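# Analysis of the macromolecular model
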Amino acid sequence: PPQQSNATSYGAMALAIITLEAFVGMWINAFIVCVLCIAWVKKKALNSNEKILLLLGCSRISFLCFAWIHHFLSKIFPNFLHVQTILQLLALFGTSFNYSNLWVSACLCGFYCIKIANFRNSFFIYLKVKIDRMVPWLLLGSEILALAMVIVTYVLNETLQKNNITSTCQENFWEVTIRKDKHLFSSHFLAGLVFAASFMVVNFAAVFLLFSLWRHKRMMETNSMKDLSMDAHIRAMKSVLSFLVMYSINFVCLILTILYDKKKENIMTLLTYIYLYAFPGVHSLILIFSNPKLEKALLKILSCVKWK
């Protein structure tokens, strides 16, 4: 039928694009991880910003790897995913690293906000002083939270599958359907909660940074002075605002994947997956050009390749 052929062509085209995006994203994040690991070996220490970037790069590499394997097998070898253990493991690891990616990236925006913004509030000053010590605990908390959310989702899915297996009678059809909808709602609600919470952190970081920049600019104009922190504000704002725009689109796409969960070959689903796979690579590229160390290393590699 024409609809089936269109769905097949859409699926093949999306698979090719997603494969390209996944491998490019993994290479970009692998570059970040390699540069930071080399700096770690040389200095035997990493600052807070580099710790967040290192964990973010590792999370994105892992997410792209497991998500691409799951997507590839579902399209090329659909019967292979009928092996329940393989399906569960791929979904478990992919979801876990996706949650980790979202939370660590939100921590990065919050770190930029606390480090760069200037407020005289006592609590904010306390955070600015203690943030370097708090970063390892924030990262550990992000990983624990991501793992906890995945475990809860896994338990809900296991309960749903057991109910489907045990309830085979025709008279229980409506009851099984209601229970299935409840479990799906709970799973999707948890996923939406993670997306919304990390998205709110990014929004608050952008608003606070913007307000701090406006306040600092007015102060400099009143005193007819120039301050080097203005450049730091502007660089941080460019990074956070670009992230806010991408994160907003990413948030919409994540919600659409929940709404179109059962429509595997829907064109909207394919477009959202294409963007979701592009997000880790594109945002990591923005982080490279906003970090002097990473940008210098990238330009050095590019110049060597061009010379050869």
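Sequence positions are assigned chain by chain, starting from 1 and proceeding in written order. Note on the predicted model: pLDDT of at least 70 is required for a residue's local features to be given, and 80 or more for side-chain atom pairs to be given and counted; whole-chain, interface and lining totals, by contrast, use all residues. For the side-chain quantities, the full set of heavy atoms in the structure was used; hydrogens and water were omitted.

Going along the chain from the N terminus, every DSSP run of H or I of four or more residues is numbered as a helix, and every run of E of two or more is numbered as a strand. A tally of helices and strands in the protein chain yields 8 helices and 0 strands. In the protein chain, the succession of helices and strands from N to C terminus is α-α-α-α-α-α-α-α. Accessibility here uses a 1.4 Å probe with only protein chains present; expressed as a share of the type maximum, an area under 20% marks a residue as buried, one over 50% as exposed, and anything in between as partly exposed. Split into buried and exposed, the 308 residues of the protein chain put 42% on the buried side. We call two residues in contact when some of their heavy atoms are within 4.5 Å. Considering only contacts within the protein chain whose residues lie at least 6 apart along the sequence, 75% involve residues at least 24 apart. Accessibility throughout is a Shrake-Rupley quantity obtained with a 1.4 Å probe, and a residue counts as covered only by protein chains that appear here. Counting only carbon and sulfur atoms, one obtains 71% of the accessible surface of the protein chain, whose full area is about 17900 Å².

The backbone of K44 sits at a positive phi, close to 60°, despite the residue not being glycine. With respect to the helices and strands, the residue K44 is situated in the loop between α1 (2–43) and α2 (48–76). On the basis of relative accessibility, which here comes to 72%, the residue K44 falls in the exposed class.

The next point concerns the packing of aromatic side chains. Think of it this way: a Phe, Tyr or Trp ring, Trp meaning its six-membered ring, pairs with another when their centres are within 6.5 Å, and the plane angle makes it stacked under 30 degrees, edge-to-face over 60, tilted otherwise. Across all of its chains, the model carries 6 aromatic pairs by this definition. Centre to centre, the rings of F66 and F97 are 5.8 Å apart; their planes meet at 15°, and the pair counts as stacked. Residue F66 is found in helix α2, and its partner F97 is found in helix α3 (residues 84–116); the two are separated by 31 residues along the sequence. Using a relative accessible area of 23% as the deciding quantity, one classes F66 as partly exposed. Classification of F97 by relative accessible area gives partly exposed; the value is 22%. Ring centres of W68 and F72 lie 5.0 Å apart, and the angle between their planes is 25°; this geometry places the pair in the stacked category. On the criterion of helical spacing, the pair formed by W68 and F72 is a turn pair, its members being 4 residues apart in helix α2. We classify W68 as buried; its relative accessible area is 16%. Overall, F72 belongs to the partly exposed group, its relative accessible area being 27%. Put simply, the rings of F23, W68 and F72 pair up and form one aromatic cluster.

Right, let's talk about the packing of α2 against helix α7 (residues 267–290) for a bit. Fitting a line to C-alpha atoms yields each axis, with helices limited to the stretch in contact; the angle taken between N-to-C directions then spans 0 to 180 degrees. For the pair α2 and α7, interaxial distance at closest approach is 10 Å and the crossing angle is 155°. By the angle between their directions, the pair α2 and α7 is classed as roughly antiparallel. By crossing handedness, the relation of α2 to α7 is classed as left-handed. Only Y277, F279, P280, H283, S284 and L287 of α7 make contact with α2, whose side of the interface consists of L53, L56, R60, F63, L64, A67, W68 and H71. Only Asp, Glu, Lys and Arg are considered charged, only Ala, Val, Leu, Ile, Met, Phe, Trp, Tyr, Cys and Pro nonpolar, and every remaining residue, Gly among them, polar. Per-class residue counts for the contact of α2 with α7 are 10 nonpolar, 3 polar and 1 charged. Should an angle lie under 35 degrees it is considered roughly parallel, over 145 roughly antiparallel, and from 65 to 115 roughly perpendicular; all remaining angles are considered oblique. Each helix crossing is assigned a hand: it is left-handed if the near helix lies turned anticlockwise from the far helix by less than a right angle, otherwise right-handed if that turn is clockwise.

Turning next to α7. In this analysis, the expected span of each helix is defined as 1.5 Å times one less than the number of residues it contains. The terminal C-alpha atoms of α7, which comprises 24 residues, lie 34 Å apart, in line with the 34 Å expected from a rise of 1.5 Å per residue. Where α7 bends most, the angle comes to about 35°, and this point is F279, followed within four residues by the proline P280. Bend is computed residue by residue as the angle between axes fitted to the seven residues ending at the residue and the seven residues starting at it.

Think of a salt bridge as a Lys or Arg side-chain nitrogen and an Asp or Glu carboxyl oxygen that are within 4 Å of each other. For the structure on display, the rule yields 3 salt bridges. Salt-bridge contacts for K43 lead to E50; the nearest nitrogen and oxygen are separated by 3.5 Å. Note on K43: relative accessible area 45%, which makes it partly exposed. Owing to a relative accessible area of 4%, E50 belongs among the buried residues under this scheme.

What follows covers the environment of I32. By secondary structure assignment, the location of I32 is in helix α1. In the structure, I32 is positioned 24 residues away from L56 in sequence and 9.4 Å away in space, judged by C-alpha atoms. Discounting chain neighbours no more than four positions away, the residues touching I32 are L53, S284, I288 and L294.

Turning to the UniProt feature "transmembrane region" (unreviewed entry) in the protein chain, a few remarks are in order. UniProt positions are given in the numbering used here, feature names are shortened, and annotations may be inferred rather than shown by experiment. The residues that UniProt annotates with the feature "transmembrane region" (unreviewed entry) are residues 12–41, 53–73, 85–114, 135–156, 189–214, 235–260 and 272–290. For residues 53–73, the end-to-end C-alpha separation is 30 Å, with 100% helix and 0% strand making up the annotated structure. Spanning residues 272–290, this segment combines 100% helix with 0% strand, and its end C-alpha atoms are found 27 Å apart.

Here the focus is the environment of F199. Note on placement: F199 falls in helix α5 (residues 173–223). The exposure class assigned to F199 is buried, which follows from its relative accessible area of 15%.

Another aspect to go through is α2. With 29 residues, α2 ought to run about 42 Å at 1.5 Å a step, and its terminal C-alpha atoms sit 42 Å apart, in line with that. Any pair of nitrogen or oxygen atoms within 3.5 Å is treated as a polar contact; in protein, a donor-acceptor pairing is required on top of that, and neighbouring residues in sequence qualify only through side-chain atoms on both sides. Two or three places before N49, at the opening of α2, N47 has a side-chain oxygen 3.3 Å from that residue's backbone nitrogen.

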